[in-house]
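# Secondary and tertiary structure notes
Here are the chains, one letter per residue:
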Amino acid sequence: MIPKVMKQGRLAPWLYVLPALVIMTVFIVYPTIGTFRLSLLDATSTHSAADTCVAGQPCWGAFENYRYALTNSDMLLALRNNALWLLLMVPGTIAGGLFFALLADRVPYESVAKAIIFMPTAISFIGAGVIWRFVYDIETGGGAQIGVLNAIIVGLGGQPVTWLSDPSVNNFSLMVVGVWLWAGFCMTILSAAIKNVSAEMLEAARVDGANEWQVFVRILFPSIASSIIVVTTTLAIIILKIFDVVFVMTDGNYGTEVIANRMFKLIVTNVGQSTAIAVVLIALTIPIMIFNIRRFRSEEAAR
Amino acid sequence: MNPLSGLNGFFRKLPVHLAVIAMCILWLIPTVGLFVTSFRTREAVRTTGWWTVFLPQPQAVGQPEYTQYCASCHGANGTSISSANLSDPAVVNQYPSAASLLNMLKQPVNGAPHMGTISLPATPKDALNTLSPVATYLQTLSGQGQEVSGFSLNNYVDALVGYKGTQDYLTDCAEKVPSTLAVFTCTSSDLLNPAGMGLAFINTVLVAVPSTILVILLAALAAYAFAWLDFKGRQWMFALLIGLQIVPLQMALVPIAQLYTALNMQSSFLGIWLFHTGFGLPYAIYLIRNFMGSLPREMFESAYLDGANHWAVFRRLALPLAMPSIASLGIFQFIWVWNDFLVAKIFLSTHPVLTVQITNLIDPRGGNWQVLTGAAFLSFIVPMIVFFAFQRYFVRGMLAGSVKG
């Protein structure tokens, strides 16, 4: 609650919030509406999208661009890949981050170890893409393998793998980069949550005869559940928008297309389809948005 | 107390230590690989893995023989006698084989036998065993044989000037290769070549610093109002901020690009500052407001009762006390903007920043690793310094809630 004495002046508060409000309106609210409008127009935003319908073909009228965004085979592939990232990479990253947070808690060189895992968070996705392109490099001309992964495989007597162009592995190759990038973020947040769990409670459970696994499942995990939810929603949003890593490593080729890369590809050639994809993107984030606002409301109420 | 209890504890923890260390190594390998590679010659990068620099190097062919017979006079590098410089290709090429080497060695030097008391093989056939390795090693010494291992900064020079030739920039400049001179002057002004990382570095600083300062200024003002002032719609506007934090910036690209075209602001620094500010503000206000709101309320009350106005309370009280959160936010925003690719690619295409320039340097066929490694690390320097210097604040900025988009 705001103290009464501070309720002086009707106009003054607006002088403080208005600059920020104006910029956010111009750069977030106005373009969001604009994007929706453009998504109902054709490739060059001159006619209605309905005009691009071809007689005898399926047509969604003014929502023709959404027919592309939701049924075109490239887009279906992209939607499938984003779903794969959400289902595999997000749990994988959280599990990795949690595992490391639990382990690092028990060694004296905790801060150094954590800094190493956290470091990728500070570098650009483009830089990370270059780092991992080099890890996945394959030499096909008969020379020595200079990519560390294929060198190990060849050293063990196997055949080198085209990690980035073989459709049976390349999506997983990209997800590994994602885990490498964001496990440090998960570790940091979960580690802080773990340290907040009361040591007496854990000790009491151990004295009562619970083994480490029971302590984890019954006490530790429920205590950090809210932090896990924060990490999950944050990662989910990052993954829905995943772009740089895919752009620099495969550019969405060989079956690795994702939504945001598709949107970027069409941004010059077909504004209507590109903005329709952007609207699909924000539609997918809206559930998370509502969830976050609700969580904030209940936290505020609890204060 | 049992003197060995510490040791017992260590061995009980051994699996934990092993797991932590294994994961750290796994996390480091990709970066270390690129880092080591950035100092290797392009020939070495192309032919051998970066990890071979940590393996014992096989001795070059002929090195033991050379060391035994020749090094005492000519020196380990072959440069000790200036009239017979064995690192000079012109000298070495006179003796390509064991036979020619033997003939030369039979000539006396300054009236004394070339090899002193050591007897030479009688026939060219006998000379094959000892002298042909020496002849091979002379080729290596003069830089014509296989790669002489060693580290160089040439990749960083190539990346800074954006050089994509078949040899490195410094070599081509020294040899005055015409195609190089057509684009480059081979002076320090090449550092500002539009395709190089040098200019991209400056562009990135010009983007990141104002974008960070603008966000801090506007967010601190708004956060103060959201925390301690009363105005209509305060509650729901703040709830809306939570929603705005995760609006994908892809939503804004096309309309803002069209707006900038209409205003003739395409590829302007002002345009990208404002865009980054717009998308940085929701999280910034949220983070600073939460911190300011947790400051003791009595302090603000008594300040007002003493007659201070809003501006004085903001400047003298709220702003200085909120500094930790402002530092966290500033570092977070700075690294975010520094590492951005998509916004710079679209709104600043004629002034490439570091990330955009890296993608320009990528060869789709997968070659030119040496330039890319140097370029990638040039782009890492600043975020790494900021990260290690202010890790505490950076982590705090992340912990303050969800992460902006």
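Residues numbered from 1 in each chain as written. Chains lettered and ligands numbered in written order. Predicted model: local features only at pLDDT ≥ 70, side-chain atom pairs only at ≥ 80, totals over all residues.

### Quick notes on the overall build of chain A
Helices and strands together make up the secondary structure of chain A, namely 13 helices and zero strands. The order of helices and strands in chain A, counted from the N terminus, is α-α-α-α-α-α-α-α-α-α-α-α-α. Along the first, second and third principal axes, the C-alpha set of chain A runs to 80 × 75 × 35 Å. The contacts of chain A with a sequence gap of at least 6 include a subset with a gap of at least 24, amounting to 64%. (Helix = DSSP H or I, 4+ residues; strand = E, 2+ residues; numbered from the N terminus. Contact = placed C-beta atoms within 7 Å.)

### A short note on the overall build of chain B
Looking only at helices and strands, chain B has 22 helices and zero strands in total. For chain B, whose C-alpha radius of gyration is 32 Å, the value lies well above the compact-globule estimate of 22 Å for 405 residues. When each of the 405 residues of chain B is scored for burial, the buried share is 43%. At a minimum sequence separation of 6, the contacts of chain B that also span at least 24 residues come to 74%. (Rg over C-alpha atoms; globule rule 2.2 N^0.38 Å. Buried ≥ 20, exposed ≤ 12 C-beta atoms within 10 Å, placed from the backbone.)

### Observations regarding the packing of helix α7 (residues 170-196) of chain A against helix α10 (residues 225-240) of chain A
Residue and element names in this part refer to chain A. The geometry of α7 relative to α10 is characterised by a closest axis approach of 9 Å and an angle of 160 degrees between their N-to-C directions. The pairing of α7 with α10 is recorded here as roughly antiparallel in orientation. You can see that α7 and α10 cross each other, and the crossing is right-handed. Contact with α7, carried on its side by Trp 182, Cys 186, Ile 189, Leu 190 and Ala 193, involves Ser 227, Ile 228, Val 230, Val 231 and Leu 235 of α10 and no other residues of that element. In terms of residue class, the contact of α7 with α10 is built from nine nonpolar, one polar and no charged. (Axes fitted to C-alpha atoms, helices over the stretch in contact; angles between N-to-C directions. Parallel < 35°, antiparallel > 145°, perpendicular 65-115°, else oblique. Left-handed = near helix turned anticlockwise from the far one by under 90°. Nonpolar A, V, L, I, M, F, W, Y, C, P; charged D, E, K, R; others polar.)

### Here's the deal with the interface of chain B and chain A
Opposite the 81 residues of chain B that make contact, chain A presents 80 residues. Considering each element in turn, the side of chain B that touches chain A owes the most residues, 14 residues, to helix α2 (residues 14-37) of chain B. Here the side of chain B that touches chain A is composed, by residue class, of 57 nonpolar, 20 polar and four charged.

### Remarks on the nonpolar core
The nonpolar side chains of soluble globular proteins are, as a tendency, buried together. In terms of nonpolar packing, the biggest core is built from 182 residues, with Ala 219, Ala 222, Tyr 224, Ile 285 and Ile 288 of chain B touching the most fellow members. In terms of residues, this core owes the most to one element, helix α12 (residues 197-228) of chain B, which gives 19 residues. Those residues in contact with Ala 219 of chain B that sit more than four places away from it in its chain are Ala 20 of chain A together with Leu 281, Ala 284, Ile 285, Ile 288 and Leu 329 of chain B. Judged by nonpolar contacts, the second largest core, of 16 residues, contains Cys 70, Ala 127, Leu 131 and Leu 138 of chain B. (Core = buried A, V, L, I, M, F, W, Y, C linked by C-beta atoms within 7 Å.)

### Some remarks on α7 of chain A
All names here are of chain A. Taking 1.5 Å of rise per residue, 27 residues should cover 39 Å, and α7 covers 39 Å from first to last C-alpha, within 8% of that figure. Along α7, the sharpest kink reaches roughly 40 degrees, centred on Trp 182. Taking burial as the measure, the 27 residues of α7 include 19 buried ones, the bulk of the element. (Expected span 1.5 Å × (residues − 1). Bend = angle between axes of the 7 residues up to and from the residue.)

### Details of helix α21 (residues 369-389) of chain B
Taking 1.5 Å per residue as the helical rise, α21 of chain B with its 21 residues ought to reach 30 Å, and the 30 Å between its terminal C-alpha atoms agrees with that figure. At Ile 381 of chain B, α21 of chain B shows its strongest bend, of approximately 35 degrees, with the proline Pro 383 of chain B following within four residues.

### Considerations on the packing of helix α18 (residues 323-339) of chain B against helix α22 (residues 391-399) of chain B
Each pair of packed helices gets described by two things: the angle between the helix axes and the distance between those axes. Residues and elements named next belong to chain B. Contact geometry of α18 with α22 gives a least axis separation of 8 Å together with a crossing angle of 90 degrees. Considering the angle they form, α18 stands roughly perpendicular to α22. When α18 is examined against α22, the residues Ala 327, Ser 328, Leu 329, Ile 331 and Phe 332 are found in contact with a partner set consisting of Tyr 393, Phe 394, Arg 396 and Gly 397. In the contact of α18 with α22, the residues fall into six nonpolar, two polar and one charged.

### As for the domain arrangement of chain B
All names here are of chain B. Examined at the domain level, chain B breaks down into domain 1 (5-54), domain 2 (63-141), domain 3 (154-192) and domain 4 (200-399). Once you take the C-alpha centre of each, domain 3 and domain 4 turn out to be 36 Å apart. On the side of domain 4, eight residues touch domain 3, which itself brings seven residues to the contact. Here the side of domain 3 that touches domain 4 is composed, by residue class, of three nonpolar, two polar and two charged. (Domains from an automatic or database assignment.)

### With respect to the environment of Ala 71 of chain B
Positionally, Ala 71 of chain B belongs in helix α5 (residues 71-74). In this structure, the C-alpha to C-alpha distance between Ala 71 of chain B and Gly 307 of chain B, residues 236 residues apart in sequence, is 88 Å.

### Re the confidence of the model for chain B
Of all residues in chain B, 93% attain a pLDDT of 70 or more, and the chain-wide mean is 85. We note a pTM of 0.85 for the whole complex and an ipTM of 0.91 for its interfaces. (pLDDT = per-residue confidence, 0-100.)

### A few points about unusual backbone geometry
Phi angles above zero are rare outside glycine, and Asp 251 of chain A is one such case at about 55 degrees. Mapped onto the secondary structure, Asp 251 of chain A falls in the loop between α11 (244-249) and α12 (259-269). Judged by local crowding, Asp 251 of chain A falls into the partly exposed class, with 15 C-beta atoms found within 10 Å. Non-glycine residue Ser 267 of chain B carries a positive phi angle of around 55 degrees.

### A few points about the environment of Ile 242 of chain B
In this structure, Ile 242 of chain B sits in helix α13 (residues 234-244). Residues within four places of Ile 242 of chain B in sequence aside, it is in contact with Asn 292, Ile 293 and Phe 296 of chain A together with Tyr 286 of chain B.

### Some thoughts on the environment of Ile 282 of chain A
Note that Ile 282 of chain A resides in helix α13 (residues 271-302). Along the sequence, Ile 282 of chain A and Ile 237 of chain A sit 45 residues apart, while their C-alpha atoms lie 9.9 Å from each other. The contact partners of Ile 282 of chain A, leaving out residues within four places of it in the chain, are Val 247, Pro 248 and Met 251 of chain B.

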